[in-house]
Structures are given as structure tokens and as C-alpha cells.
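Residue-level listing of the chains:
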Amino acid sequence: MCRRTITGFCLVLLAVVRIDAQSDSHSRGGWLVHIIDGETGAPVTHAMVQVDDAWVLPDSAGVVALEAAAGSLPCHISALGYRTSALLLPSPGPVTVRLQPEALRVSDEVLVTGQAVPDEISIHSDRHRQSTTGALAQVAGIDMVSRGHFGHEPSLRGMQGARVGVLIDGMHMIPACVDRMDPVTAYVEVGNLERLEVTKGGFDLTRAQSLAGSIDLITRKAEFSRPRGVFLQSGYETGSALQSWSAGLNTAGPYTAMRATGALQRGGAVHAGGKQTLSGTGFSKVNAKLDVSRRLGPKQRLDVGVLGDRAWDAGYPALLMDTRKAQSLLVSATHTYTEAAPGTGLKSLRSRIYHSRVDHWMDDDDRDVGQRQVMTDMHMPMYGNTRTWGWRQELEAATTTRDLRLVVDAYRLAAFADMKMLSTQPDVTPMYLLNLGDVRSNHIALAADVHQRLPGGFSLRLDTRLDGVDSKLADELGRRQVASRFSAADLSRRDLAASYGVVAAWEAAPRTQLRLGLAHSSRQPSHTEAYGFFLYDAGDGAFYHGNPRLDTEHGDQVELGLDHRGDRLGLAASVYVQRVSQYIAGVLDEPGFKTFQNLSEAELAGLEVDAALRPTRTIELTVGGTWTYGQNQALDEPLPMISPLKGTAKLTWTRADGWLQVGSRLAARQNRIARRTTWEDVTPGYAVVDVRGAWEVERHVRLQLGVENVFDRAYNEHLSVGNLPARGRSFYLTVGYDR
Ligand SMILES: [Cu+2]
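Numbering of residues begins from 1 in every chain and follows the order in which that chain's sequence is written. Given that the model is predicted, a residue must reach a pLDDT of at least 70 before its local features are reported, and side-chain atom pairs must reach 80 or more before they are shown or counted; all residues, however, enter totals for whole chains, interfaces and linings. Just so you know, side-chain values use all the structure's heavy atoms and leave hydrogens and water out.

## Focus on the overall build of the protein
Runs of E in the DSSP output that reach at least two residues are strands. Runs of H or I that reach at least four are helices, and both are numbered from the N terminus. Looking only at helices and strands, one finds three helices and 45 strands in the protein. In terms of overall dimensions, the protein is globule-like: its C-alpha atoms have a radius of gyration of 28 Å, near the 27 Å expected for 739 residues. With respect to the principal axes defined by its C-alpha atoms, the protein has extents near 95 × 60 × 55 Å. For each residue, the accessible area found with a 1.4 Å probe, counting protein chains only, is set against the maximum for its type, and the residue is called buried under 20%, exposed over 50%, and partly exposed in between. A burial count over the protein gives 54% of its 739 residues as buried. Only heavy atoms enter the contact rule, under which two residues are in contact if any of them lie within 4.5 Å. Looking at the protein alone, contacts between residues at least 24 apart form 67% of all its contacts between residues at least 6 apart. In short, Shrake-Rupley with a 1.4 Å probe defines the accessible areas, and a residue's cover is counted only from the protein chains shown. As displayed, the protein offers around 30,800 Å² of accessible surface, 57% of which is attributable to carbon and sulfur atoms. Counting rule for charge: Lys and Arg are taken as positive, Asp and Glu as negative, and neither His nor the chain ends is counted. In plain terms, the charge of a residue is placed at NZ if it is Lys, CZ if Arg, CG if Asp and CD if Glu. Charge centroids of the protein, computed over 79 positive and 83 negative side chains, lie 7 Å from each other. Radius of gyration means the value over C-alpha atoms here, while the globule rule gives 2.2 Å times the residue count to the 0.38 power.

## Focus on the domain arrangement of the protein
Partitioning the protein into domains gives domain 1 (4–110) and domain 2 (132–738). These domain limits were set by an automatic method or by a database of domain assignments. For domain 1 versus domain 2, the distance between C-alpha centres works out to 44 Å.

## Some remarks on the sheet that holds strand 14 (residues 164–168)
Sheet strands line up and pair through hydrogen bonds in the backbone, either parallel or antiparallel. Taking strand neighbours across the sheet as the criterion, the four strands line up as 15-14-17-16 in an open arrangement whose pairing is mixed. Both outer strands of the open sheet, strand 15 (171–172) and strand 16 (193–200), are each paired with one neighbouring strand and no more. Examined bridge by bridge, strand 16 and strand 17 (residues 213–219) share seven bridges and lie antiparallel to one another. The residue bridging T199 from the neighbouring strand is S214, located in strand 17. In this analysis, strands are considered paired if DSSP registers two or more bridges between them.

## Some details on the confidence of the model for the protein
One number per residue, pLDDT, summarises how confident the predictor is, and it ranges from 0 to 100. Across the protein, the average pLDDT comes to 85, with 91% of residues at or above 70. A low-confidence stretch, residues 1–28 (pLDDT under 50), is modelled with 97 contacts involving residues beyond four sequence positions or located in other chains. Within the model, pLDDT remains below 50 along residues 103–128, and this stretch shows 106 contacts once partners closer than five positions in the same chain are excluded.

## Observations concerning the packing of aromatic side chains
Two rings from Phe, Tyr or Trp (for Trp, the six-membered ring) form a pair when their centres sit within 6.5 Å of each other. Planes less than 30 degrees apart are called stacked, planes more than 60 degrees apart edge-to-face, and all others tilted. Under the definition given, this model contains eleven aromatic pairs. Here the aromatic rings of Y383 and F416 are separated by 6.4 Å at their centres, their planes lie at 50°, and the arrangement is tilted. Within this pair, whereas Y383 is found in strand 28 (residues 382–398), its partner F416 is found in strand 29 (residues 402–423), the two being separated by 33 residues in sequence. We note that Y383, like F416, is buried. Centroid distance Y686 to Y715: 4.2 Å. Interplanar angle 35°. Geometry classified as tilted. Of this pair, Y686 sits in strand 43 (residues 686–698) while Y715 sits in the loop between strand 44 (701–708) and strand 45 (730–738), and the two are 29 residues apart along the sequence. With relative accessibility at 6%, the residue Y686 sits in the buried group.

## Considering the nonpolar core
Nonpolar cores are built from buried Ala, Val, Leu, Ile, Met, Phe, Trp, Tyr and Cys residues. Side-chain atoms within 4.5 Å join them into one set. Counting 81 residues, the largest nonpolar core has I168, L196, M375, M380, M421 and F534 as its most contacted members. Top contributing element to this core by residue count: strand 29, with six residues. Contacts of I168, omitting those with residues within four sequence positions, involve M173, V184, Y187, V188, D216, L217, T219, L307 and L330.

## Examining unusual backbone geometry
Phi angles above zero are rare outside glycine, and A241 is one such case at about 45°. Positionally, A241 belongs in the loop between strand 18 (228–237) and strand 19 (242–252). Even without a glycine there, the phi angle at F534 is positive, about 60°. Checked against the element boundaries, F534 lands in the loop between helix 3 (527–531) and strand 34 (535–537).

## What to know about the coordination of the copper ion
Distances up to 2.8 Å from the metal define which N, O and S atoms are donors, and 3.2 Å serves for Na, K and Ca; water is absent from the atom set, so sites may look incomplete. Protein ligation of the copper ion involves C177 (SG), M181 (SD), H360 (NE2) and M362 (SD), the donor distances falling in the range 2.1 to 2.5 Å. Geometry is assigned from donor-metal-donor angles: four donors are tetrahedral when every angle falls between 85 and 135 degrees, four are square planar and six octahedral when opposite donors sit over 155 degrees apart with all other angles between 65 and 115, and any other arrangement is irregular. For the copper ion, the four donor atoms are set out with angles of 99 to 121° between them, so the coordination reads as tetrahedral. The sequence motif formed by the donor residues of the copper ion is C-x3-M-x178-H-x1-M. Placement of C177 in the loop between strand 15 and strand 16 and of H360 in strand 26 (residues 345–363) is noted, with a sequence separation of 183 residues between them. Of the two residues, C177 and H360, neither departs from the other in class, the shared state being buried.

## Some details on the environment of L66
For L66, the location among the structural elements is in strand 7 (residues 63–67). According to the relative accessible area criterion, L66 is buried, its value standing at 9%. Expressed as a C-alpha distance, the spacing of L66 and G30, which sit 36 residues apart in the sequence, is 5.6 Å. The residues touching L66, leaving out its near neighbours within four places in the chain, are G30, W31, V33, V51, V56, L73 and L89.

## Observations regarding a nonpolar patch on the surface
Patch membership requires over 30% relative accessible area and the absence of a salt bridge. Like charges are linked within 9 Å, and nonpolar side chains (Val, Leu, Ile, Met, Phe, Trp, Tyr) within 5 Å. The term salt bridge refers to a side-chain nitrogen of Lys or Arg lying within 4 Å of a carboxyl oxygen of Asp or Glu. Among the surface-exposed residues, L516, L518, V558, L560, V575, L607, W627 and L645 lie close enough to one another that they form a single nonpolar patch of about 670 Å² accessible area. Secondary-structure elements contributing two or more residues to the nonpolar patch are strand 33 (512–523) and strand 36 (553–565). Mapped onto the elements of the fold, L516 is located in strand 33. The partly exposed category is assigned to L516, whose relative accessible area is 38%.

## Some remarks on the pairing of strand 19
Strand direction decides the pairing type here: strand 18 and strand 19, joined by ten bridges, are antiparallel. Bridge pairing in strand 19 links Y236 to Q243. Hairpin geometry of strand 18 and strand 19 is characterised by an intervening segment of four residues between the two adjacent antiparallel strands and by a positive phi of about 45° at A241. Of the strand pairs in this sheet, strand 19 and strand 20 (residues 256–267) are connected by ten bridges, and their pairing is antiparallel. Across the sheet, G248 pairs through a bridge with T261, a residue of strand 20.

## Observations concerning helix 2 (residues 476–483)
Here helix 2 has its buried residues at L477, G478, R480, Q481 and V482. By the criterion applied in these results, polar contacts are pairs of N or O atoms within 3.5 Å in which, for protein atoms, one can donate a hydrogen and the other can accept it, and in which residues neighboring in sequence qualify only through two side-chain atoms. The N-capping residue of helix 2, defined by a side-chain oxygen 2.8 Å from the backbone nitrogen of L477, is D475.

## Describing the pattern of salt bridges
All told, the structure shown has 57 salt bridges when counted by the stated rule. In this structure, R324 engages D366 in a salt bridge whose closest nitrogen and oxygen atoms are separated by 3.2 Å. One end of the pair, R324, is in strand 25 (residues 322–338); the other, D366, is in the loop between strand 26 and strand 27 (378–379), and 42 residues separate them in sequence. We note a salt bridge from R515 to E559, for which the minimum N-O separation is 3.9 Å. Separated by 44 residues along the polypeptide, R515 in strand 33 and E559 in strand 36 bring together distant segments of the chain. A network of salt bridges, in which partner residues are shared, links R195, E197, D204, R207, D216, R392, E394, R405, D449, R461 and D463.

Shown next, in the form of C-alpha cells:
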């Protein structure tokens with residue numbers, strides 16, 4: 001996508017307002033300030049009155065009561081959509097302040113700055129991944145959206161954000177950054193990643209409500225089989241001056257096992273292809289994880305886990321701001337009952353309670369706000385947090401021909417985000433607003449998954465999920481902000497949504513399966529889509545407003561799949577089409593401002609192919625390709641953030657003590673771009689070559705090394721916001737000790 005800038009953004013103007021002051025003997029104790037719209041006379045309830053350093057809010061009639069002070073009282077009154085007023089309140093008494101409406105304007109002049117250039121998506125060997133992002137990017141159908149060289153967000157089958165369910169061990173953790181700097185995938189270090197459970201399409205609904213599918217990051221837990229395990233690892237990558245250290249241990253007795261790990265990472269300036277160096281791309285991060293498992297007799301087990309992460313000074317060159325600090329914590333307790341004997345009936349019962357919390361601070365202190373074209377001369381420090389309390393109950397049962405899974409997935413969310421606008425000009429009054437005015441929501445979902453085996457190699461899988469959500473805005477200022485655009489009746493919502501899917505499979509030949517899936521998926525609006533206020537999106541340079549009147553989005557999809565797992569040849573292919581109705585997207589209200597609306601229809605389709613050929617026992621050739629198509633039917637243009645045709649080819653040579661791989665990543669030019677909903681530009685295709693290997697130099701000591709982008713190609717992914725360049729030639733070396 002391209003980087004365009006808006007000129008002439010003028011947010012706050014100082015104006016002189018008329019003050020009608022009346023003497024009133026009954027209120028000599030102070031001032032009673034009535035704040036009204038200068039044109040309509042309606043009370044402006046979302047105004048903010050600043051006296052010295054304190055902010056005061058008006059009541060529902062637009063009235064502010066101020067304490068008496070000696071002489072006249074200077075104050076500032078600001079409200080979004082009005083000129084800010086600086087005034088001197090005369091002697092105590094009732095005062096009416098008429099605010100002059102001031103549309104927040106963006107000039108029509110649009111400049112294109114900077115040329116099209118790259119972002120980074122690293123793909124590592126299947127067996128020795130260096131990062132969670134790299135592991136995700138290897139999955140056919142997943143691409144990473146980047147806004148910097150840190151915190152990449154997964155895109156699944158052309159969809160991102162709330163359309164993809166991202167979980168940690170089946171638990172919900174809700175990002176706190178309204179600019180999407182903190183995807184949940186950033187919180188699981190690759191050393192703690194046991195596996196990725198990626199569900200594409202709407203065919204497994206036990207994890208989350210989603211149209212594209214879900215990504216569950218299954219973490220490593222304490223192992224009873226390792227009484228005294230120790231692991232140490234240290235690595236360096238030249239492409240982003242990335243240093244990483246991690247250490248951990250695993251202890252186990254007959255009844256208790258414990259695993260603890262800690263990791264530290266520090267990245268610097270990124271070296272992009274063609275000898276460019278990008279500034280403002282560094283980050284620092286620490287991560288710690290502790291898991292304790294206790295056996296309670298032969299059938300029961302208790303697991304307690306804590307996952308903490310803290311990142312600071314992470315640069316996002318494509319956005320207006322950088323992360324100053326981001327911290328998260330996830331604590332959980334799980335009780336598992338397992339029926340040891342195989343057979344029919346109850347197999348297992350798992351109960352989990354958890355709490356996750358995310359805090360996020362970002363600012364533009366490292367940016368020259370006088371030079372930028374959006375919000376010129378304005379610093380906008382922002383803070384956000386989310387708190388989630390969850391309960392997940394899972395029951396598994398089986399008969400000889402049927403497997404059954406029932407899930408209760410419930411959580412309660414509190415989400416808050418605010419922003420200050422501090423001008424560098426001394427005569428401009430600061431402003432304060434809530435991007436999320438303390439959203440409180442309760443979610444409960446019941447899901448069932450039935451797998452029925454039929455004669456003749458056929459099987460059927462049925463999935464259903466019913467989601468109930470009840471949400472409201474709790475903060476008084478937040479309520480007023482949203483009520484100023486909608487009505488008081490829109491400050492809470494409650495709705496139900498059903499999703500269902502069926503997959504018919506046929507074992508057409510030994511180790512060969514054909515699949516046909518049909519699904520109807522529902523996605524209720526996210527808390528930011530419903531209640532967000534003044535959210536800046538770097539993708540189109542617009543400020544977004546939530547819409548509490550949004551309807552549930554629905555997807556109807558069909559998928560055909562083929563799997564073959566032979567000795568010499570493995571093949572997995574799928575083709576899908578999804579029609580989305582009530583598609584939620586931002587619609588322009590006035591230049592620079594959008595509100596989320598339901599659009600009539602969008603369509604997505606795609607093809608994913610992965611093949612592996614093993615001509616000998618030590619040589620393997622793997623090729624993969626994905627093609628994704630997205631069309632916004634309502635606006636008659638391509639959907640934004642859709643990857644072009646992409647492919648990989650890798651040749652791997654394996655020995656007992658290591659392996660060596662030469663691989664290539666290819667992407668075609670993306671000509672299908674969104675111009676109305678997003679400012680995209682055509683992204684040229686690229687081909688890069690990587691060489692990787694691993695070698696066990698000694699017992700327990702393993703080296704991983706390689707060169708990415710061997711020919712130092714300058715390129716960027718289409719999903720790189722602001723055409724942020726990808727890394728150029730990068731050497732990496734990791735030394736690990738594990739016993
Ligand atoms: Cu942020």
C-alpha cells in the first residue's frame with residue numbers, strides 16, 4: 001500500500017465566544033456554565049471544561065458547576081466538532097457558552113510521498129522456526145500484516161482483525177491498542193510454541209466466532225518425562241540487529257512437573273534490500289512463562305500457567321505513533337479429567353478459568369510532529385487496556401462410530417482507550433477524548449462438534465455454535481461521545497448469532513481423502529467496530545467511528561479439499577468461495593472521517609496447494625502456492641489487504657545430525673487494489689532466495705544458521721502498511737543447548 005499524506009488538517013481552532021452572564025444571587029457560590037450548540041441551542045454534553053489542570057464534564061443537560069474562586073476564572077471549553085473556546089468567566093453566576101460548530105476538515109489535496117518499497121515476512125524451516133511470525137507465515141493461507149518490524153498481525157484467507165479468531169491455548173486475550181500494534185501472536189515466543197492449530201473457514205467452531213477461521217497458539221507445558229531439563233539459546237540476526245537470549249528449565253517428580261522459561265529480545269535498525277537502512281524500527285521485549293502441572297490420581301490433573309510479556313520502545317514507521325510500553329499477563333488454571341480406558345462414553349472433561357490483561361502506551365514523542373501532514377503540531381499520547389475473565393468447559397465423548405465435543409466458551413471483557421491531543425503551539429488548548437469509553441461486554445457461546453463415521457469410507461462432521469453478546473459503554477464521557485453521534489438507546493446492545501457448518505469426507509483411495517464443506521458463519525461486531533471513537537487508520541488516513549447499530553456479519557462458504565499422504569508424495573489442496581453479507585467496513589462521512597457500516601456484500605475466494613515430493617530418503621522437495629481473491633461487491637472494487645498469488649519452493653537435504661535447505665519465496669504483482677475503502681497501490685512482484693540449515697555440533701548443542709534474501713532484493717509485501725520495506729540480506733546464527 002502506498003503512503004499518502006493529508007495536508008491542511010486543522011483540528012483545533014481558538015475562538016472567542018460570546019458569553020451571556022447574568023447575575024444570580026442564588027449561585028454566588030460558583031459558576032453554572034451552560035454549554036450549548038451556537039447554531040441549534042442544543043446542549044453539548046460531550047464537551048470538556050478545563051480549569052487549571054483539571055477537566056470537568058457537563059451533566060446530561062450540558063451544565064457544568066464550577067467552584068467559586070477569587071475574581072474571574074479562566075477556562076477552556078473543548079468538544080469534538082466545535083471550535084475550542086478560551087474564556088474568562090466573570091463574576092460567579094449562570095453563564096451560557098455557545099460553541100461554534102467546526103467540522104473537522106481535511107483538505108482535498110492528497111500527496112504521494114515516498115516510493116513503493118518493502119516489508120518483511122520471514123519463513124523458516126518447518127522444524128526449526130526462529131519466530132512465531134515465521135511459523136505462522138509458513139501456513140498456506142496465512143500472511144502477516146506489518147506496520148513495523150515487530151508485532152505482525154496474521155491475515156487468514158484474506159481477512160484480518162476480528163474476522164480471525166486468535167487464541168492462546170483456547171483462551172481469549174484481547175489486544176489493547178486501537179491501532180492494532182499488539183496482536184496476540186506477539187505474546188507467545190517461538191520457544192514456548194508447541195504447535196499452531198489453524199482452522200480455515202467456518203468448519204470448526206469450538207474456538208471462536210469467525211469468518212476466516214481461527215489460529216490457536218498451543219503453548220508448551222511442563223513435561224513429566226523430563227525430570228531435569230535445561231535449555232539455553234542465544235541468537236543474532238544481521239538484518240535487524242536482532243539479539244535474542246532465552247533460558248528455561250523443566251523439573252518433574254512423580255506428581256508435580258514444572259516448566260519455566262524467560263526470553264529477552266532486542267532489535268535495532270532494519271536493513272532493507274538494496275542497502276537501505278530503516279530508522280525507527282527497533283524494539284525491546286522480555287517474556288516469561290511458568291507452568292506447573294499436578295497429577296491428582298490416575299485420571300485427574302491440574303495445570304496452572306502464567307504468561308507475561310513486556311515490550312518497550314517498539315517502532316512502527318508506517319503508523320503515526322510508536323509503542324512506548326506494552327505489557328500483558330495471562331493466568332489460567334485448568335482441571336482435566338480423563339477416562340483412561342479406551343471405549344465408549346465420556347472421554348474427558350476439561351474446565352478452565354483464566355484472566356488476561358493487556359496494557360498499551362503509545363506516543364509520537366520520537367516523531368517530528370511539525371513536519372507531518374496529519375495532525376500537524378499535535379502530540380497524541382494514547383493509552384489502552386483490556387481485561388478479560390474467561391471460562392472454558394470442554395467435554396469429549398465417543399461411541400464406536402461417533403466422536404462428540406461440547407464446549408462452553410464464556411468471557412467478560414472490559415476495554416478502555418484514551419488519547420490526549422497536546423499542541424506544540426502554546427495558545428492551543430489540549431484536548432482529551434476516549435477512543436473506547438470503557439466497553440463492558442459479556443460473551444457466552446455454546447458449541448458442538450460431532451464427527452460421524454459412515455460405511456464405505458465416508459464421514460460427516462457437523463459443527464454448530466451459538467453466541468450471545470451483551471455489551472455497553474460504562475464511562476460517562478464515552479457514553480456522551482457516542483450518544484452525540486447516535487442516541488442514548490445505542491449505548492448498549494444485546495444479540496444472538498448462530499453459526500453452523502458441515503464437512504462430508506470420503507476416503508477415495510488409501511491415504512487419499514476428498515472433502516466438501518458448507519458453512520454459514522456469523523460474526524458480531526467487535527467492541528471497536530461498535531463503540532470506537534476517533535480511531536486513526538494508517539491504511540487510508542481516516543479517523544474511524546464505531547457504530548453501535550451494526551448488524552451481525554454473515555458468511556456463506558463452500559470448500560472443496562483433497563489430501564493425499566503417500567510415502568513419496570504428499571499433497572494438500574483446497575479451493576473455497578465465501579460470500580459475506582452485512583460486510584462491516586468504514587464508509588466515508590466527510591473527507592477524512594469514516595463510520596463503520598454494514599455493506600451489502602463482499603466475496604472472497606481462494607486456492608491453496610501444498611505438495612511434498614521425496615525422491616530419496618534424504619531429499620525432499622516442497623512447493624506451495626496460494627491465490628486469494630476478494631471483491632467488495634457493494635463498492636464494486638477489490639477488497640483491501642489481499643495478498644497476490646504467492647508461492648514457495650524448497651529443496652531440503654537431511655542427515656542424522658542436521659539439514660540444509662535452499663528455498664525461494666515468490667509473489668506476483670498485485671494489481672487488484674482498493675481505492676475507495678483504503679489507499680492501496682500496486683505492489684510489484686518479487687522473488688527472493690533463502691538458505692538455511694541446522695547442525696548438531698555436539699550432543700545437546702545445536703546450531704541454526706542461514707542467509708535470508710541472499711541476493712539482497714529490495715521489495716515489500718502487499719500487506720505491508722505504508723510500503724514498509726522488507727529485510728534485505730540477513731545472516732542469522734543461533735546456538736542452543738538442550739538436555
Ligand atoms: Cu498502539
